[in-house]
Amino acid sequence: MIRVLLVDDQSIIRQGLKALLELESDLQVVGDADNGQSAIRQVEVLQPDVVLMDVRMPVMDGIAATKAICQRFTGTKVLVLTTFDDDEYVAEALQVGAHGYLLKDMPSEELAAAIRAVHRGYAQLGPGLVQKVISRVPSPSLTPTITPPPGFSELTPREWEVLRLIANGASNQEIADSLYISEGTVKNHVTNILRRLNLRDRTQAAILANSLLSLLEQRRE
């Protein structure tokens, strides 16, 4: 059972999320909070597996709360869920330790899947947010003249294609449609790419791939 804490300053949002998530047999909403400060106290007491965190809230915003939770409670992962897709919010949330950034208009089944993925340690970004991360997250070690990591030359031709599409911000389903393969096969390729390149998650892969996009295009040709 994945224990979830809901953090949002609007009571109706918290109630709605709770009703939706409790339809899932493996998710349990253990508590809620209406601001970041309260969220930190709740995490200390309830020790949830995943926190769904809003951004703009009174007393303490979601970015500050995310930073505090990620520093103090390493067993709890934070997944930002908000209506704001501002570049700065996305970058700051990920920089302070959030495992994902999603928008509230996403389907409930996709939200449940994202919670499960974050619980397993995978980063989650909503549609269209990958390019925002690439453009905003500082990555001085990933410059246009970057030397490819050792595992880069070991990628198979199909993995090159998948990595190129990740660099363009494509989702797993979009990659599957583009390459005429199943989404499950895409997930296997992504797992192999992360292992070969010694990367933590898809977000790191997207940033690296974007920096190496010219090399990817040359290989494609």
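First things first, this report covers the structure right here in the doc. (Residues numbered from 1 in each chain as written. Predicted model: local features only at pLDDT ≥ 70, side-chain atom pairs only at ≥ 80, totals over all residues. Heavy atoms only, no water.)

What the protein chain contains, in helices and strands, is eleven helices and six strands. Relative to its 221 residues, the protein chain shows a buried fraction of 47%. When contacts within the protein chain are restricted to residue pairs at least 6 apart in sequence, those whose partners lie at least 24 apart make up 68%. For the protein chain, the accessible area works out to roughly 11,000 Å², and carbon and sulfur atoms hold 48% of it. (Helix = DSSP H or I, 4+ residues; strand = E, 2+ residues; numbered from the N terminus. Buried < 20%, exposed > 50% of the residue type's maximum accessible area, 1.4 Å probe, protein only. Contact = heavy atoms within 4.5 Å. Areas by Shrake-Rupley, 256 points an atom, 1.4 Å probe, with all protein chains shown as cover.)

A few words on the side chain of arginine 14. Along the chain, arginine 14 falls in helix α1 (residues 11-21). Residues within four places of arginine 14 in sequence aside, it is in contact with Leu6, Asp8, Asp9, Asp32, Ala33 and Asp34.

In the contact formed by helix α7 (residues 157-167) and helix α9 (residues 183-197), the axes pass within 10 Å of each other and the chain directions differ by 90°. When the axis of α7 is compared with that of α9, the two are roughly perpendicular. Across the interface between the two elements, Arg158, Glu159, Val162, Leu163 and Ile166 from α7 touch His189, Val190, Asn192, Ile193, Arg196 and Leu197 from α9. Residues that form the contact of α7 with α9 fall into these classes: six nonpolar, two polar and three charged. (Axes fitted to C-alpha atoms, helices over the stretch in contact; angles between N-to-C directions. Parallel < 35°, antiparallel > 145°, perpendicular 65-115°, else oblique. Nonpolar A, V, L, I, M, F, W, Y, C, P; charged D, E, K, R; others polar.)

A few words on the pairing of strand β2 (residues 27-33). As paired strands, strand β1 (residues 2-7) and β2 are joined by six bridges and run parallel to one another. Bridged to leucine 6 within β2 is aspartate 32. Assessed by its sense of winding, the connection that carries the chain from β1 through α1 to β2 is right-handed. (Pairing = 2+ DSSP bridges. Right-handed = clockwise from strand over helix to strand, strands pointing away.)

Counted according to the given criterion, the structure contains eight salt bridges. Glutamate 24 is the salt-bridge partner of arginine 116, the closest N and O atoms lying 2.7 Å from each other. Taken together, the positions of arginine 116 in helix α5 (residues 108-119) and glutamate 24 in the loop between α1 and β2 put the pair 92 residues apart, joining distant regions of the chain. Measuring nitrogen to oxygen at the nearest pair gives 2.6 Å for the salt bridge that ties aspartate 26 to arginine 116. Of the two residues, aspartate 26 sits in the loop between α1 and β2 while arginine 116 sits in helix α5, which places them 90 residues apart along the sequence. What you see here is one network of salt bridges that share partners, running through Asp8, Asp54 and Lys104. (Salt bridge = Lys/Arg side-chain N within 4 Å of Asp/Glu carboxyl O.)

On to helix α2 (residues 36-46), then. Every buried residue belonging to α2 is among Gly36, Ser38, Ala39, Ile40 and Val43, and all of these are buried. Contacts made by the buried residues of α2 are with β1, β2, β3 (50-53) and α3 (62-72). Sitting at the amino-terminal end of α2 is asparagine 35, which places a side-chain oxygen 3.0 Å from the backbone nitrogen of glutamine 37. Looking one or two residues beyond α2, the residue adopting positive phi is glutamine 47, at roughly 50°. (Polar contact = N/O pair within 3.5 Å; in protein donor to acceptor, adjacent residues only side chain to side chain.)

Most of strand β4 (residues 77-82) sits out of view: six of its six residues are buried. Pairing between β3 and β4: four bridges, direction parallel. Bridge pairing in β4 links leucine 52 to leucine 79. Remark: the β3/α3/β4 crossover connection has right-handed handedness.

Here the focus is the packing of α7 against helix α8 (residues 172-179). At a minimum axis separation of 10 Å, α7 and α8 run at an interaxial angle of 130°. One way to sum up the angle between α7 and α8 is to call them oblique. Handedness of the crossing formed by α7 with α8: right-handed. For the pair formed by α7 and α8, the contact residues are Arg158, Glu161, Val162, Leu165 and Ile166 on the first element and Ile175, Ser178 and Leu179 on the second. Residues belonging to the contact of α7 with α8 are distributed by class as follows: five nonpolar, one polar and two charged. (Left-handed = near helix turned anticlockwise from the far one by under 90°.)

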